2 protein chains.
Amino acid sequence: MNADTRGGSRRLILDAIRRAGRIARIDLARATGISQATITTITADMLRQGLIEEVTAEGHSRRGRPRVDLALRGAAHVVVGVKVAHRSLSIALMDFAGILIGEHHAALPVPVMPACDLVQVLADAVDAAARSIGLTRADITAVGVALAGIVDASRGFVYWSPSLTDRNVPFSDLTGAALGLPVFVDNDANLVAMAEQLFGQGRDVSDFIVVTIENGVGMGIVLNGALYRGARGCGAEFGHTKVQLDGALCRCGQRGCLEAYVADYALLREASVQQTGSPITVGDVLDAARAGDATAQSIVNRAGRMFAMGLANIVNIFDPQLIILAGERMQSDHLYAQDVMADLERQIVQIDLPPPRVVIHRWGDLMWARGAAAYAIDHVADMSLRGGGRNAA
Amino acid sequence: MNADTRGGSRRLILDAIRRAGRIARIDLARATGISQATITTITADMLRQGLIEEVTAEGHSRRGRPRVDLALRGAAHVVVGVKVAHRSLSIALMDFAGILIGEHHAALPVPVMPACDLVQVLADAVDAAARSIGLTRADITAVGVALAGIVDASRGFVYWSPSLTDRNVPFSDLTGAALGLPVFVDNDANLVAMAEQLFGQGRDVSDFIVVTIENGVGMGIVLNGALYRGARGCGAEFGHTKVQLDGALCRCGQRGCLEAYVADYALLREASVQQTGSPITVGDVLDAARAGDATAQSIVNRAGRMFAMGLANIVNIFDPQLIILAGERMQSDHLYAQDVMADLERQIVQIDLPPPRVVIHRWGDLMWARGAAAYAIDHVADMSLRGGGRNAA
């Protein structure tokens with residue numbers, strides 16, 4: 001077995017243990033298709049490294065000895081996941097087994113700032129988060145960051161983000177240097193998709209799409225069990241697909257983007273036409289629509305119809321098994337109301353297959369941060385397996 | 001090495017020989033990452049099976065003996081590829097090395113017919129095509145069919161096709177039974193993408209998109225060197241993505257589909273508003289636009305702008321390296337004129353990466369049939385490798 005195959009097997013085994021939670025060696029062989037002899041060798045290695053541990057299971061093996069399962073060893077690593085939102089940072093602290101061991105929130109002084117400022121705010125917040133559970137920065141193995149915008153995750157490079165005044169920022173390198181820790185950044189919706197895959201509705205689904213609607217519109221695509229980021233790392237950009245030729249002005253500067261019809265700012269812009277001077281929130285618009293206000297209903301209905309149309313386009317292209325609508329905005333019902341779903345089903349290609357299942361997942365802010373932490377764990381697993389390959393042929 | 005790995009290696013080797021045209025064993029080891037010993041064993045097997053042959057190369061090996069390359073043995077198999085078009089069948093006859101050894105065209109009595117009738121027309125045309133190069137049906141190893149519509153290629157099942165009056169047709173099984181040959185059917189644009197990958201502009205590109213515009217709008221997506229068919233086999237449906245809420249009526253029965261703005265029938269429908277009774281073709285509309293007719297220009301310009309918008313959406317989602325615009329309609333220039341391309345570049349997400357390259361490939365009708373033949377070769381290779389695995393552990 002060459003080193004590549006060996007590394008691949010190690011990762012397969014670790015992922016299978018993560019998926020199972022706890023699993024006997026014999027079932028691990030069955031789940032991965034790897035021989036029992038190889039399973040024994042590789043898991044012995046992982047036990048020595050402290051990545052996994054033996055857990056005595058209830059019940060007995062066929063030979064009458066107590067059954068012993070393998071599980072990830074949570075204490076092996078602590079990672080931090082950070083979501084950079086409009087006005088705040090949300091931070092999740094997670095152990096290597098994916099258990100949430102702490103959370104922390106910090107205000108952002110302004111929603112858009114130079115990269116060097118954001119890096120400093122991030123470093124301070126990571127320290128504060130570690131302190132909140134009695135740790136220091138030195139106890140953290142890695143940091144994952146979820147950022148809105150166009151991110152080349154493989155290089156940790158941010159082409160553009162609504163949170164940054166500068167473009168083309170080597171974000172992972174900058175933040176990593178400031179923290180003295182490995183930092184991994186990805187588009188925030190991609191990391192929600194990762195959270196759904198590991199902890200949420202996407203656990204046993206190989207192909208699904210996550211759509212988030214808050215201040216912007218995000219999409220994460222999982223194909224064949226892996227995040228799909230586009231051929232050059234900058235794809236899966238749903239919010240700026242066009243739904244109207246020469247349509248509404250988007251904050252990206254273009255016209256007719258889906259986001260310009262369904263994001264929070266788009267609803268508020270419409271509502272401002274008849275505004276009487278009192279401050280207004282998206283919640284106000286939705287309340288007014290529910291209370292029967294005709295203008296508010298018109299605003300909300302168009303947003304819903306545009307959303308259904310954009311989503312139908314995605315279904316026609318990817319034909320996914322499952323669509324997960326995730327995020328805070330899903331707390332309110334305008335974008336997934338029954339008639340929006342009926343609209344969606346009417347606009348996809350009509351064949352004798354059931355339409356994809358659509359589920360609503362009302363995570364709060366921490367969803368994003370958990371995804372970012374999961375992304376950090378993913379990299380830590382890779383780093384540990386590479387480092388622990390000393391016995392590999 | 002288990003049977004699966006062995007089968008995978010055999011396929012890797014065969015594909016590498018196909019890509020190279022002719023290649024020495026030592027270079028094959030380098031290209032595939034497979035050990036020279038395994039290369040020697042597996043290629044010996046393939047030589048015995050008659051799938052490949054030795055070709056004495058010019059120049060000499062380092063030991064002074066004449067260098068011997070390996071190449072596919074064209075005579076190993078003859079396959080037939082059929083494109084079912086609006087009014088005709090185009091047929092390509094191809095040998096196992098991918099060399100076109102004959103072509104044939106047959107008229108269709110009507111553009112839409114019951115599946116059992118189309119199967120009969122297909123069987124007659126395959127026989128006529130074989131006769132045209134002095135062969136009979138018995139000399140054919142397999143048949144590939146390119147059909148517009150929603151096709152689950154893995155099952156050879158056609159959910160819907162504009163060429164068929166019936167839905168949900170087990171097309172490969174029906175046609176296979178009538179011909180007494182293995183038949184493989186796929187969506188026609190997918191097979192154009194396969195032709196581009198094997199013979200055309202996509203040869204050294206791992207991620208690209210092919211768009212065809214003729215009577216309908218088709219798309220084929222190649223990701224990581226493989227055709228992407230959507231999670232359930234029915235994705236990559238570009239022509240029926242919506243570009244306008246409650247827009248123009250499409251022949252699929254829905255409103256606002258891209259196809260309803262850019263396909264031949266859409267241009268003719270627009271032109272018919274001012275038609276004076278004389279028959280009119282898409283060529284007439286394009287000629288009039290070029291000659292300065294304001295109505296014709298308005299029709300053609302809108303088609304171009306809608307096309308740019310639909311294409312920009314695809315770019316935002318897949319971020320491909322290359323877009324190939326293929327087909328007969330690309331002979332005329334309205335859909336890829338400079339301002340359409342400028343429109344496209346304006347509507348994609350603006351980051352400091354060059355936009356994807358767009359190339360025009362003006363294949364004729366036989367393009368589709370060659371893709372279908374290539375698809376048949378692909379399956380024949382699989383069949384041969386499975387059949388020839390008698391020495392595999």
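Residues numbered from 1 in each chain as written. Chains lettered and ligands numbered in written order. Predicted model: local features only at pLDDT ≥ 70, side-chain atom pairs only at ≥ 80, totals over all residues.

## A word on the overall build of chain A
Okay, so step 1: In terms of helices and strands, chain A carries 12 helices and 15 strands.
Okay, so step 2: Whereas a compact globule of 393 residues would reach a radius of gyration of roughly 21 Å, chain A reaches 23 Å, a difference of no more than 12%.
Okay, so step 3: Projected onto its principal axes, the C-alpha positions of chain A cover 75 × 55 × 40 Å.
Okay, so step 4: Relative to its full complement of 393 residues, chain A shows a buried share of 46%.
Okay, so step 5: Pairs at least 24 residues apart make up 62% of the contacts formed inside chain A by residues separated by at least 6 positions. (Helix = DSSP H or I, 4+ residues; strand = E, 2+ residues; numbered from the N terminus. Rg over C-alpha atoms; globule rule 2.2 N^0.38 Å. Buried ≥ 20, exposed ≤ 12 C-beta atoms within 10 Å, placed from the backbone. Contact = placed C-beta atoms within 7 Å.)

## Quick look at the relation of the copies chain B and chain A
What connects the two chain copies is a rotation about an axis and a shift along it.
Okay, so step 1: With an axial shift of 0.0 Å and an RMSD of 0.1 Å, the rotation relating chain B to chain A amounts to 180 degrees. Classification of the inter-copy transformation places it as that of a two-fold axis.
Okay, so step 2: Interface overlap between copies is the fraction of interface residues in one copy that are interface residues in the other; for chain B against chain A it reaches 100%, indicating a shared surface. (Least-squares fit on C-alpha atoms with pLDDT ≥ 70 in both.)

## A short note on helix α11 (residues 338-347) of chain A
Residues and elements named next belong to chain A.
Okay, so step 1: What α11 keeps buried is the set Val340, Leu344 and Gln347. Taken end-on, α11 shows its buried residues confined to a sector of 75 degrees, consistent with a single buried face. Residues of α11 that are exposed and angled more than 90 degrees away from the buried face: Gln338, Asp339 and Ala342.
Okay, so step 2: For α11, the secondary structure elements touched by its buried residues are α10 (294-318). (Arc of directions from axis to C-beta.)

## A short note on the packing of helix α4 (residues 115-132) of chain B against helix α5 (residues 171-179) of chain B
Residue and element names in this part refer to chain B.
Okay, so step 1: Two elements in contact, α4 and α5, have axes whose closest approach is 9 Å; the angle formed by their N-to-C orientations is 45 degrees. One element, α4, and the other, α5, form an angle in the oblique class. Along this stretch, α4 crosses α5, giving a crossing that reads as right-handed. Facing Ala115, Val119, Gln120, Leu122, Ala123 and Val126 of α4, the residues of α5 in contact are Phe171, Leu174, Thr175, Ala178 and Leu179.
Okay, so step 2: Counted by class, the contact of α4 with α5 contains nine nonpolar, two polar and no charged residues. (Axes fitted to C-alpha atoms, helices over the stretch in contact; angles between N-to-C directions. Parallel < 35°, antiparallel > 145°, perpendicular 65-115°, else oblique. Left-handed = near helix turned anticlockwise from the far one by under 90°. Nonpolar A, V, L, I, M, F, W, Y, C, P; charged D, E, K, R; others polar.)

## Thoughts on the confidence of the model for chain A
Residue and element names in this part refer to chain A.
Okay, so step 1: Here chain A shows a mean pLDDT of 87. Residues at 70 or above account for 91%.
Okay, so step 2: Residue range residues 388-393 is modelled with pLDDT below 50. Its contacts to residues more than four positions away, or to other chains, number 11 contacts.
Okay, so step 3: Complex prediction metrics read pTM 0.82 and ipTM 0.80. (pLDDT = per-residue confidence, 0-100.)

## Focus: helix α3 (residues 36-49) of chain B
Residue and element names in this part refer to chain B.
Okay, so step 1: Spanning 14 residues, α3 covers 20 Å between terminal C-alpha atoms, matching the ideal 20 Å at 1.5 Å per step.
Okay, so step 2: Within α3, the full set of buried residues consists of Ile39, Ile42, Thr43, Asp45 and Met46. The buried residues of α3 all sit within an arc of 150 degrees when viewed along its axis, so they share a single face. Across α3 from its buried face, at more than 90 degrees, point the exposed residues Ala37, Ala44 and Arg48.
Okay, so step 3: Positive backbone phi, approximately 80 degrees, marks Gly50, located one or two places after α3. (Expected span 1.5 Å × (residues − 1).)

## Overview of the interface of chain B and chain A
Okay, so step 1: Taken residue by residue, the interface counts 35 residues in chain B and 35 residues in chain A.
Okay, so step 2: Secondary-structure elements contributing two or more residues to the side of chain B that touches chain A are β9 (157-160) and α10 (294-318) of chain B.
Okay, so step 3: For the side of chain B that touches chain A, the leading source of residues is α10(B), giving eight residues.
Okay, so step 4: Classifying every residue of the side of chain B that touches chain A gives 16 nonpolar, 11 polar and eight charged.

## Quick word on the environment of Asn316(B)
Okay, so step 1: By secondary structure assignment, the location of Asn316(B) is in helix α10.
Okay, so step 2: It is 14 Å that separates the C-alpha atoms of Asn316(B) and Phe238(B), two residues lying 78 residues apart in sequence.
Okay, so step 3: Each residue touching Asn316(B), except ones within four places of it in the same chain, is listed here: Glu237(A), His240(A), Thr241(A), Ile348(B) and Val349(B).

## What about the sheet that holds strand β13 (residues 226-228) of chain B?
Residues and elements named next belong to chain B.
Okay, so step 1: In spatial order, the strands read β13-β12-β11-β14-β15; together these five strands make up an open sheet with mixed pairing. A single partner strand is all that each edge strand has here, and the edge strands are β13 and β15 (357-361). Taken over all neighbouring pairs, the strand axes of this sheet differ in orientation by 25 degrees on average, direction set aside.
Okay, so step 2: Both strand β12 (residues 217-223) and β13 contribute to a ladder of three bridges, which runs antiparallel. By the bridge assignment, Leu223 is partnered in β13 with Ala226.
Okay, so step 3: On the sheet, helix α6 (residues 188-199) packs against β11 (208-213), β12, β13, β14 (322-326) and β15 and is oriented at approximately 50 degrees with respect to β12. (Pairing = 2+ DSSP bridges.)

## So, the domain arrangement of chain A
Okay, so step 1: Along its sequence, chain A is organised into domain 1 (3-72), domain 2 (77-192 + 367-377) and domain 3 (239-320 + 328-362).
Okay, so step 2: Inter-centroid distance (C-alpha atoms) of domain 1 of chain A to domain 2 of chain A is 32 Å. (Domains from an automatic or database assignment.)

## Brief notes about the nonpolar core
Okay, so step 1: Grouped together as the largest cluster of nonpolar side chains are 238 residues, with contacts concentrated most on Val80(A), Val82(A), Ala376(A), Val80(B), Val82(B) and Ala376(B).
Okay, so step 2: Residues contacting Ala376(A), with those up to four places away along its chain left out, are Val79(A), Val80(A), Gly81(A), Ala142(A), Val143(A), Gly144(A) and Phe184(A). (Core = buried A, V, L, I, M, F, W, Y, C linked by C-beta atoms within 7 Å.)

## Comments concerning unusual backbone geometry
Okay, so step 1: One non-glycine residue with positive phi stands out, namely Asp246(A), at about 55 degrees.
Okay, so step 2: Here Asp246(A) shows up in the loop between β13 (226-228) and α7 (259-262).
Okay, so step 3: Given 9 C-beta atoms within a 10 Å radius, Asp246(A) is considered exposed.
Okay, so step 4: The residue Asp319(B) is not glycine, and still its phi comes out positive at about 50 degrees.
Okay, so step 5: Mapping Asp319(B) onto the fold places it in the loop between α10 and β14.

## Some remarks on the environment of Asp186(A)
All names here are of chain A.
Okay, so step 1: Structurally, the position occupied by Asp186 is in strand β10 (residues 183-187).
Okay, so step 2: Along the chain, Asp186 and Ala153 lie 33 residues apart, while their C-alpha atoms are 5.0 Å from each other.
Okay, so step 3: Other than its neighbours up to four places away in sequence, Asp186 contacts Ala146, Val151, Ala153, Leu191 and Tyr375.

## A word on the environment of Ser206(B)
All names here are of chain B.
Okay, so step 1: With respect to the helices and strands, Ser206 occurs in the loop between α6 and β11.
Okay, so step 2: Along the sequence, Ser206 and Val340 sit 134 residues apart, while their C-alpha atoms lie 26 Å from each other.
Okay, so step 3: The residues contacting Ser206, other than those within four sequence positions of it, are Asn224 and Gly225.

## Some points on the sheet that holds strand β7 (residues 142-147) of chain B
Residues and elements named next belong to chain B.
Okay, so step 1: One open sheet holds the five strands; their spatial order is β6-β5-β4-β7-β10, and the pairing between them is mixed. Bordering the open sheet on either side are β6 (100-107) and β10 (183-187), each of which pairs with just one other strand. Neighbour to neighbour, the strand axes of the sheet diverge by 20 degrees on average, direction disregarded.
Okay, so step 2: Seen against the sheet, α4 touches β4 (78-84), β5 (88-95), β6 and β7 and runs at an angle of roughly 140 degrees to β6.
Okay, so step 3: Sitting on the sheet, α5 is in contact with β7 and β10, with an inclination near 145 degrees to β10.

## A short note on the packing of helix α2 (residues 25-32) of chain A against helix α3 (residues 36-49) of chain A
All names here are of chain A.
Okay, so step 1: Direction vectors running N to C along α2 and α3 enclose 115 degrees, while the axes themselves pass 9 Å from each other. Judged by the inter-axis angle, α2 sits roughly perpendicular to α3. Here the hand of the crossing between α2 and α3 comes out right-handed. Between α2 and α3, the contacting residues are Arg25, Ile26, Leu28 and Ala29 on the first element and Gln36, Ile39, Thr40 and Thr43 on the second.
Okay, so step 2: A breakdown of the residues in the contact of α2 with α3 according to their chemical character gives four nonpolar, three polar and one charged.

## Observations regarding the pairing of strand β14 (residues 322-326) of chain A
Residues and elements named next belong to chain A.
Okay, so step 1: Extensive coverage of β14 is indicated by the burial of five of its five residues.
Okay, so step 2: Burial along β14 is two-sided: the face carrying Leu322, Ile324 and Ala326 and the face carrying Ile323 and Leu325 are both buried.
Okay, so step 3: Of the pairings in the sheet, the one linking strand β11 (residues 208-213) to β14 comprises five bridges and is parallel in character. Bridging from a neighbouring strand, Thr212 pairs with Ala326 of β14.
Okay, so step 4: Bridge count between β14 and strand β15 (residues 357-361): five bridges; the pairing is parallel. Paired with Ile324 across the strands is Val359, a residue of β15.

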